[in-house]
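# Fold and geometry: a report
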Amino acid sequence: MNENRTICFYDLETTGLSVAFDQILRFAAIRTDLALEELERVEVDIKLRPDIIPSAGALIINRLSLNDILIGDSEYEGICKIHELLNRPGTISAGYNSLTYDNELLRYGFYRNFLDPYLHEWHNLCGKMDILPIVAYYYLFRPTALKWPGDDIAGKLRLENLIPLNRLTDGMAHHAMSDVEATVELSRRLKSHDPELWEKSTSSFNKDWDRSYMLDLPIFRINASRVCSLGAMVRIQFGYDKNLIAPVILLGYHTEYSNQQYWLRLDIKDFSSTIKSSSDTGKLGWSKVKRKLGAPDFIVPIDDNVKAMLGDGRVNIMDNNLEWIKNNEKLFYEISNENINKTYSEKENLDVDASIYTSGFFNDAEKAIINEFQNNSIAEKIN
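Residue numbers restart at each chain and count upward from 1, following the sequence in its written direction. Predicted model: local features are reported for residues with pLDDT of at least 70 only, side-chain atom pairs are reported and counted for 80 or more only, and whole-chain, interface and lining totals are derived from all residues. As a rule here, side-chain values cover all heavy atoms of the structure and leave hydrogens and water aside.

### A short note on the sheet that holds strand β5 (residues 127-130)
The strand order across the open sheet formed by five strands is β3-β2-β1-β4-β5, and the pairing between neighbours is mixed. Each edge of the open sheet carries a strand with a single partner, namely β3 (38-45) and β5. The average undirected angle you get between the axes of adjacent strands in this sheet is 20 degrees. Pairing analysis gives four bridges linking strand β1 (residues 6-14) to strand β4 (residues 91-95), with the strands arranged parallel. Strand pairing is assigned whenever DSSP detects at least two bridges linking the two strands. For helices the rule is a DSSP run of H or I covering at least 4 residues; for strands it is a run of E covering at least 2, with both sets numbered from the N terminus onward. Helix axes use the C-alpha atoms of the stretch in contact, all axes being lines fitted to C-alpha atoms, and the angles between their N-to-C directions lie in the range 0 to 180 degrees.

### Points about the nonpolar core
Definition used in this section: a nonpolar core is a set of buried Ala, Val, Leu, Ile, Met, Phe, Trp, Tyr and Cys residues joined via side-chain atoms within 4.5 Å. Per-residue accessibility, obtained with a 1.4 Å probe over protein chains only, is compared with the maximum for each type, and a residue is labelled buried under 20%, exposed over 50%, and partly exposed between these values. Among the nonpolar cores identified, the biggest contains 68 residues, and Ile245, Ile249 and Ile325 are the most heavily contacted of them. Here this core gets 10 residues from one element, more than from any other, and that element is helix α4 (residues 131-141). Note on definitions: a residue-residue contact is assigned when non-hydrogen atoms from the two residues lie within 4.5 Å. In contact with Ile325, other than residues within four places in its own chain, are Phe220, Ile222, Ile249, Leu266, Phe271 and Phe332. Counting residues in each nonpolar core, the second largest holds 26 residues, with Ala29, Ile79, Leu86 and Tyr118 among its members.

### Looking at the packing of helix α5 (residues 159-166) against helix α6 (residues 176-193)
In the contact formed by α5 and α6, the axes pass within 11 Å of each other and the chain directions differ by 65 degrees. Comparing their axes, α6 and α5 come out roughly perpendicular. Crossing of α5 against α6: the hand is left-handed. Packed against α5, whose contacting residues are Leu159, Ile163 and Asn166, the element α6 presents Asp179, Ala182, Thr183, Leu186 and Arg189 at the interface. For this classification, the nonpolar set comprises Ala, Val, Leu, Ile, Met, Phe, Trp, Tyr, Cys and Pro, the charged set comprises Asp, Glu, Lys and Arg, and every other residue, Gly included, is treated as polar. In the contact of α5 with α6, the residues fall into four nonpolar, two polar and two charged. Each angle receives one of four descriptions, namely roughly parallel if under 35 degrees, roughly antiparallel if over 145, roughly perpendicular if within 65 to 115, and oblique otherwise. Two helices cross in a left-handed way if the nearer one is turned anticlockwise from the farther one by less than a right angle. They cross in a right-handed way if the turn is clockwise.

### Side note on the environment of Ile219
One can find Ile219 in strand β6 (residues 219-221). Taking the C-alpha atoms as reference points, Ile219 and Pro301, separated by 82 residues in sequence, lie 9.6 Å from one another. When near neighbours in sequence (up to four residues on either side) are disregarded, Ile219 contacts Val227, Cys228, Ser229 and Leu230.

### Some thoughts on helix α12 (residues 329-340)
Counted at 1.5 Å a residue, the expected span for α12 with its 12 residues is 16 Å, and the 16 Å between its end C-alpha atoms agrees. Here the buried face of α12 lies against β7 (227-234), β8 (245-253), β9 (260-265), β10 (288-292) and α11 (312-327). Here the expected length of a helix is defined as 1.5 Å per residue gap, with one fewer gap than residues.

So yeah, pure geometry; function would need other evidence.
Right, dumping it as structure tokens:
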């Protein structure tokens, strides 16, 4: 990473789990340099919007009272502060399990308040990363880096389970600043345990680095003219009973969405008994995995260590399925084409607040109106 960059570790407390229709109530952040030395702390409280009914469960988890959420900045004021913070040149925004929820909520919040929802992910050397998949990587390949909850814990890698076991912070879990403190300390422990792995895993959130890394993966030769990348994907959704890892083969990059890859798991179904013709490809179900560049699910070569994690049974299924692919090139190509050409269906009567992904990027005319809006006074904004 560029030495002039900083990492802005952040956490959110929200009214609920809907990224489109809930709102941020509290934003906490600690900015560090790349050595993870603290540079700045920021907290932003945002009062409840009049059109939002908060989830009682969310308030209980966040330990926020009704009085707590009726004070603070308006959503527009608070979101503008957050947008400025994350868009300072060279800022890498980082959270714990943030890419699947927190970053989505930020995107919707920026979009709803006429701020570019993507700038903080790429512009002016900015970027994003998520500490949770890095922790999963260390859990598998550097298990002495931390203390891990016992086998009976369903969420071994949940931050609230790692905090007390590793004494990451004295604050209470699900309090925004306490969770940020814990995430920073957790990152320091991982970095000090294996600096080289930390550098590799954090670099993989850069799309160009990730794309280049894909080229170095081992290949599986289907025939004289076609080869596919082969490896083992680390993904928490695979489950602890599968050691969070599964063997996969690359189906290809999406023809329209260039940052999306499709992979095929080789350890769930026996293809020879499942797929007899092209009409059977729908039976693959969860065997098909979508992955985005720069938002890793890490992929590693399948060596003896990885095979031990997979176990003999899954390795045997993998070997049989690779043989099936060699003997059924046409069907494998059909599976590949079906996925890399798949497009999202249009949704009718979509609420404007939820239309970020159907509207696409702001066009030039919209940007002109937005700039005019942002540069006006509050009274002029109302008008």
